[in-house]
Amino acid sequence: MRALTALARGTFFIIAFTTLFSGCVGTRYVNEGEYLLYDQEIKGTKKVSDDELSDYYRQEPNQRLPIVPFAPYVWLYQLGLRNYDQEALQQEKEALTQKYDRKIEAAREKSKDNKVRRLTEKKDKKVSKIERDIEEGNLLMRWGEPLAIYDSAQAETTRAQMASYLHTKGFFNGSVNHTTKINGKRLTSIYTVTENQPYLVDTITYSTQDSTIARLIRSSLEGSELKEGAVYDQEDLGAERDRIDQLLKNNGYFAFSRQYVTYKVDSTIGDHQVTVNLIVNKPASQINHKQYRLDSVIFTTDADIRGGGNRQTSTYNNITYRYYEYEYYKKILDRRVFIYPDSLYSREATLQTQRQLSNLDVFKFINVNYDTTGGSFVARIYASPLKKYQTANEVGLTVSQGYPGPFVNSSLKIRNVFGGLENLELSGQAGIEGVPSVTSNEGGYGSVKNVGVNLGLTFPQFIFPLPENFKSHLGTLNPKTVVQTGYNYVNRPEYSRTNFKSSLSYNWQKEQKNLYYFTPVDINLINSHIPMDDSLGQKFDSLLTVQEAAGIPLRRSFEPSIVTSINFTSIFNFNNYGSFGAIEQDVSKASFLKLYVESGGTIFNIIDPGFLDNAGLAYFKYIKFNPDFRQYVPLSKSSTFAYRLNIGVALPYGGGTQGDALPYEKYFFAGGSNSIRAWKPRRLGPGGASPESIDPETGFFVYNFEQPGEILLEASIELRRKLFGFINGAFFVDAGNIWRIIDIEGEPEATFNFDTFYQQIAVGSGLGLRFDFSFLILRFDYGIKIYDPAQDSGDRWIGQKFTLGEHISQAVLNIGIGYPF
């Protein structure tokens with residue numbers, strides 16, 4: 001009955017809201033004889049993409065809220081228009097200009113040059129602001145958008161351009177017809193596409209009078225963008241032109257240009273077939289294109305230094321180095337240079353040289369110029385060093401589990417510390433963050449204090465016994481060896497934890513989008529302290545005792561211990577995921593995949609860990625696997641669809657001193673601003689287990705304790721939409737949970753089971769606001785529980801046990817920095 005009441009209330013709300021805003025799409029502002037462009041449709045397409053055709057719309061309807069017929073940007077624009085007087089602004093501009101001109105002239109007569117400069121700058125700033133208001137409207141008008149009044153001329157231009165697009169896609173006999181559908185003052189513009197039979201590529205030929213170019217093209221035909229039997233596509237012709245251009249520029253043709261590549265296309269040879277002839281034209285004043293071979297390579301390592309006499313010169317691997325002072329070990333530097341005397345010019349090798357020298361973090365800019373004067377072909381590399389000593393300080397906000405808190409980071413970097421292009425960095429950080437208490441849900445949040453210091457040394461090569469020629473080939477992968485040691489102290493309300501850590505890792509990257517991190521040595525010496533003279537510490541200790549009695553070995557994670565591991569991370573970034581904002585109108589879809597594998601305590605499978613027992617140190621043996629996939633797909637100029645799938649498994653094994661326990665940091669947790677947002681941080685799960693406490697006033701469960709698990713499943717989807725100005729909105733749905741691997745006494749639903757886990761996947765949904773300040777994104781997400789697996793089987797869905805209003809009263813407000821994924 002409660003569910004029916006909630007449904008009736010919701011239906012009434014939707015009907016009332018729709019009725020209230022039915023006139024708020026802007027029709028009230030439309031003049032007689034005009035129509036509001038309400039929608040645009042494309043019909044009849046079979047093979048041609050609707051999305052690509054929609055790029056030719058010359059007009060766009062006003063943006064509206066989903067489902068509800070309300071155009072908020074039109075409303076804002078009209079609100080601003082009521083208080084907009086362009087003539088008054090023009091008068092204000094003239095008065096302001098005259099006022100400042102008098103002041104500037106008076107200051108100039110008194111020879112007060114500084115005052116003249118300040119007044120001029122002030123005048124220009126104020127005038128510029130008024131001019132912006134005159135040209136673009138006031139703030140509300142700029143946030144909003146004017147009415148989209150239907151323009152038949154623009155519609156005809158759209159139709160003609162769509163028809164032309166069909167021809168570029170091989171539909172030479174295709175056509176586009178335009179009609180309209182009118183409902184009151186609203187107009188829907190309809191474009192009906194008739195594709196007809198497409199033309200296929202029958203034959204592809206390549207023509208050139210240069211035998212060397214002909215040979216290069218023939219040897220690379222497997223990579224051709226043109227395929228016989230495919231539908232003719234003008235875009236493929238452009239891609240093949242670019243491929244030929246790059247092919248030749250990477251094989252010595254320094255002066256070649258894509259303009260030398262032209263096409264002849266014949267569509268009269270047969271039934272809906274074309275022949276394509278690609279022609280590489282010769283230069284106007286030469287018999288053939290010249291193939292350039294390098295006579296010498298000159299590398300100036302201190303190009304920004306002027307004067308000081310003549311530079312010294314030395315040669316290594318046939319490259320001439322010029323410098324005032326010898327600073328860099330040339331053997332290491334040479335591994336990042338890929339152009340050599342007597343080699344053909346290569347654009348790719350040039351860019352790779354610039355890229356890999358920049359990756360050293362030793363030079364602030366790298367220029368490669370080619371000199372053809374005097375009949376020689378000389379490559380000149382100019383590098384300008386960065387400062388040897390660099391300090392950096394950063395103050396900001398961080399959030400990982402709860403509410404944002406301030407942090408400060410300071411670092412000192414010493415470049416080229418031993419002459420082999422090594423960088424030494426000493427850094428320190430301190431911060432405080434609001435997080436839920438591990439042992440309490442009352443009052444919400446406590447504070448976590450975090451202090452750390454780290455010393456790292458980065459080598460621009462793999463410190464490993466490898467053949468020299470192999471190390472040279474690795475230069476294209478930006479190889480690095482990083483040795484680090486550090487100390488970290490965390491103080492939570494219930495416990496404090498110190499960690500001395502040291503690691504050795506090898507990092508490399510491929511094609512700028514694939515990153516790899518291999519850490520064969522990662523050692524952490526951990527000590528925890530639970531304050532028994534404090535009530536929160538006593539509660540936490542009691543929690544550990546209760547969980548230990550139930551078969552949950554969490555206490556062992558807080559004993560003095562040493563955690564050793566080997567781990568490997570690979571990151572695949574497609575189309576620069578994360579480099580753009582959540583809503584970017586000219587960006588195609590992008591995705592991100594991170595794979596993480598870790599083996600803890602592996603060394604203790606080889607050596608006897610008895611010495612650790614004697615030292616009173618526990619150790620852990622486990623394996624961990626965590627893939628994380630993310631993708632966003634732009635839907636329009638103002639909206640983006642994004643989703644994430646995050647899976648984790650951590651399995652203790654082998655009878656370490658901690659048995660079935662993991663180090664606390666190695667467990668998975670669910671809930672919070674970057675997880676399932678309808679649950680508080682780390683409070684979801686495990687599985688369908690029910691919290692022990694119930695709020696006597698609301699009847700809702702009280703999630704008192706952090707819930708660690710060895711298995712994690714998370715999935716999230718978001719519809720992100722630009723609202724106005726720097727404010728974006730989002731609708732999201734999260735689903736997932738964590739589970740235990742070991743059986744827990746009295747809690748069978750906490751353990752992962754293939755037969756039942758899908759019934760224990762929690763679902764939350766909600767709305768969010770994101771304030772994009774360019775330098776940071778402040779995020780507010782408001783989530784409510786849709787499906788709670790901790791409830792009894794008949795009460796898990798929203799509305800079954802509690803009304804919608806009661807669920808909303810228990811919603812969770814998440815505050816975060818940046819996007820959740």
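All figures in this text were calculated on a predicted structure; none of them were measured in a lab.

(A) View of the packing of helix α4 (residues 86–109) against helix α5 (residues 113–136). Following both chains from N to C, one finds α4 and α5 inclined at 175 degrees, their axes separated by 10 Å at the closest point. By the angle between their directions, the pair α4 and α5 is classed as roughly antiparallel. Grouping the constituent residues of the contact of α4 with α5 by class yields 10 nonpolar, four polar and 11 charged.

(B) A look at the packing of aromatic side chains. The final tally for this structure, using the stated rule, is 41 aromatic pairs. Here the aromatic residues Phe462, Tyr506, Trp508, Tyr516, Phe568 and Phe572 are joined through ring pairs into a cluster of three or more. Cation over ring: Arg677 sits above Phe732, and NZ or CZ is 3.9 Å from the ring centre. Positioned over the ring face of Phe821 is Arg720, at 5.1 Å from the centre of the ring.

(C) Examining the layout of surface pockets more closely. The volume enclosed by the second largest pocket comes to roughly 1400 Å³. If you go around the second largest pocket, you meet 41 residues; those closest to its centre are Glu60, Leu635, Ser636, Lys637 and Ser638. Sorting the residues of the lining of the second largest pocket by element identifies β1 (36–43), α2 (50–54), β22 (622–634) and β26 (711–724) as the ones contributing at least two each. Among the residues forming the lining of the second largest pocket, the class breakdown is 15 nonpolar, 12 polar and 14 charged.

(D) Seen up close, the packing of helix α8 (residues 211–219) against helix α9 (residues 234–249). The geometry of α8 relative to α9 is characterised by a closest axis approach of 11 Å and an angle of 115 degrees between their N-to-C directions. Here the hand of the crossing between α8 and α9 comes out right-handed. Along its contact with α8, which presents Ile213, Leu216 and Ile217, the element α9 presents Ile244, Leu247 and Leu248. A breakdown of the residues in the contact of α8 with α9 according to their chemical character gives six nonpolar, no polar and no charged.

(E) Region of the structure containing the confidence of the model for the chain. Residues at a pLDDT of 70 or more form 89% of the chain, whose mean pLDDT is 86. When mean pLDDT is taken per element in the chain, α9 scores highest with 96 and helix α1 (residues 2–21) scores lowest with 40.

(F) Molecular detail of the sheet that holds strand β8 (residues 312–316). Pairing in this open sheet of five strands is mixed, and the strands run β8-β9-β7-β11-β10 from one edge to the other. Looking at which strands have only one partner, the edges of the open sheet turn out to be β8 and β10 (363–371). Shown here is a sheet whose adjacent strand axes are inclined to one another by a mean of 20 degrees, direction ignored. Pairing geometry for β8 and strand β9 (residues 319–323), over five bridges, is antiparallel. Along β9, the bridge assignment pairs Gln312 with Tyr323. Most of the contacts of helix α11 (residues 347–358) go to β10, to which it runs at about 160 degrees, and overall it touches β7 (296–300), β10 and β11 (378–385).

(G) Quick peek at the sheet that holds strand β4 (residues 200–207). Across the sheet, which stays open at both edges, the three strands sit in the order β4-β6-β5 with mixed pairing between neighbours. The two strands at the open ends of the sheet, each matched to only one other strand, are β4 and β5 (261–270). Geometrically, the sheet is characterised by an average inter-axis angle of 20 degrees between neighbouring strands, direction not taken into account. Pairing between β4 and strand β6 (residues 273–280): seven bridges, direction parallel. Along β6, the bridge assignment pairs Thr203 with Thr275.

(H) Examining unusual backbone geometry more closely. Along the chain, Gly685 connects to Pro686 via a cis peptide bond; the corresponding omega equals -5 degrees. Within the element layout of this structure, Pro686 appears in the loop between β23 (639–652) and β24 (693–694). We note that His272 has phi near 55 degrees; this positive angle belongs to a residue other than glycine. For His272, the location among the structural elements is in the loop between β5 and β6. For Asn318, which is not glycine, the phi torsion reads 70 degrees and is therefore positive.

(I) A look at the pattern of salt bridges. Counted under the stated rule, the structure contains 34 salt bridges. Asp242 is the partner of Arg258 in a salt bridge, and the nearest nitrogen-oxygen pair spans 2.8 Å. Taken together, the positions of Arg258 in the loop between α9 and β5 and Asp242 in helix α9 put the pair 16 residues apart, joining distant regions of the chain. When the shortest N-O distance is used, the salt bridge between Arg677 and Glu718 registers 2.6 Å. Placement of the pair is Arg677 in the loop between β23 and β24 and Glu718 in strand β26, with a sequence separation of 41 residues. In terms of burial, Arg677 and Glu718 fall into one category: buried. Overlapping salt bridges, with partners in common, bring together Arg677, Glu718, Arg720, Asp734, Arg770, Arg779 and Asp781 in one network.

Procedures and definitions
- Residues numbered from 1 in each chain as written.
- Predicted model: local features only at pLDDT ≥ 70, side-chain atom pairs only at ≥ 80, totals over all residues.
- Heavy atoms only, no water.
- Axes fitted to C-alpha atoms, helices over the stretch in contact; angles between N-to-C directions.
- Helix = DSSP H or I, 4+ residues; strand = E, 2+ residues; numbered from the N terminus.
- Parallel < 35°, antiparallel > 145°, perpendicular 65-115°, else oblique.
- Nonpolar A, V, L, I, M, F, W, Y, C, P; charged D, E, K, R; others polar.
- Phe/Tyr/Trp six-rings, centres within 6.5 Å; stacked < 30°, edge-to-face > 60°.
- Lys NZ or Arg CZ within 6 Å of the ring centre and 35° of its normal.
- 1 Å grid on protein atoms, 1.4 Å probe; cavity = no way out; pocket = protein on both sides within 12 Å on 5 of 7 lines; lining within 4 Å.
- Points joined across faces, edges and corners; volume = space filled by probe spheres on them.
- Left-handed = near helix turned anticlockwise from the far one by under 90°.
- Contact = heavy atoms within 4.5 Å.
- pLDDT = per-residue confidence, 0-100.
- Pairing = 2+ DSSP bridges.
- Salt bridge = Lys/Arg side-chain N within 4 Å of Asp/Glu carboxyl O.
- Buried < 20%, exposed > 50% of the residue type's maximum accessible area, 1.4 Å probe, protein only.

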